[in-house]
Amino acid sequence: MSAANTNLAYDFSAFQSRTLTLPRKRLEVVENKSDNRRASAFFSIKAVASFAIVVTLLSLIIYNQATLHEMTGEINQINQQLTELKSDNVKLTSDLESIVSLRNVETRAHEELGLQRMDKYQTEYINLFGEDKVVLPEGAEQAGTAQKVKDTVNDAINGIKEYIGD
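Residues numbered from 1 in each chain as written. Predicted model: local features only at pLDDT ≥ 70, side-chain atom pairs only at ≥ 80, totals over all residues. Heavy atoms only, no water.

Caption draft 1: Representation of the overall build of the protein in the model. Of regular secondary structure, the protein possesses three helices and zero strands. What you see in the protein, going N to C, is helices and strands ordered as α-α-α. Split into buried and exposed, the 166 residues of the protein put 1% on the buried side. In the form shown here, the protein has an accessible surface area of approximately 17,500 Å², with 59% of it arising from carbon and sulfur atoms. (Helix = DSSP H or I, 4+ residues; strand = E, 2+ residues; numbered from the N terminus. Buried < 20%, exposed > 50% of the residue type's maximum accessible area, 1.4 Å probe, protein only. Areas by Shrake-Rupley, 256 points an atom, 1.4 Å probe, with all protein chains shown as cover.)

Caption draft 2: The pattern of salt bridges, seen in detail. A full pass over the atoms with the stated rule returns three salt bridges. One salt bridge connects Glu-106 with Arg-117, and the closest N-O pair in it is separated by 3.4 Å. One end of the pair, Glu-106, is in helix H2 (residues 102–111); the other, Arg-117, is in the loop between H2 and helix H3 (145–164), and eleven residues separate them in sequence. Given the relative accessible area of 68%, Arg-117 is considered exposed. (Salt bridge = Lys/Arg side-chain N within 4 Å of Asp/Glu carboxyl O.)

Caption draft 3: Inspection of a nonpolar patch on the surface at higher detail. Judged by side-chain polarity, Ile-53, Leu-57 and Leu-60 come together as a nonpolar surface patch covering roughly 290 Å² of accessible area. By the secondary structure assignment, Ile-53 is in helix H1 (residues 33–100). Take Ile-53: its relative accessible area is 52%, and that puts it in the exposed class. (Patch = residues over 30% accessible without salt bridge, like charges linked within 9 Å, V, L, I, M, F, W, Y side chains within 5 Å.)

Honestly, that's just the spatial picture; any functional story needs more than this.
Structure (structure tokens):
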């Protein structure tokens with residue numbers, strides 16, 4: 001029994017808690033670079049797009065100002081030409097009025113052409129209000145309808161010309 005009370009048969013070290021020791025590696029803290037890259041890439045795309053928009057808008061503003069300046073110069077030039085043409089028109093109109101005035105026509109008719117005004121006793125009036133009667137030449141009765149229409153139209157045109165004073 002003495003052997004039963006001894007601790008030689010049992011290996012108590014197997015029951016003891018042991019810490020497992022592995023070779024220790026040094027831990028490094030690594031940041032997730034993919035998130036930073038995405039954020040920086042997104043930021044750079046936004047920055048480039050914003051810069052492109054600003055440059056485009058500035059270019060358009062400058063182009064519009066240059067075009068506006070050019071058009072203003074053309075408008076001023078055309079207004080100057082219009083003013084000159086208006087003054088020429090006034091001059092030519094006054095020249096025409098002086099040439100065609102009744103006094104100048106009368107002077108030219110009297111001096112160059114030797115014409116004189118008629119006196120009242122030289123005027124002869126004709127009375128056209130008599131008996132209305134149509135005298136047809138011989139053979140006119142056989143004239144066709146087309147000739148009658150043509151004559152009627154010619155008479156109407158002549159009446160209008162007389163009325164207008166042509």
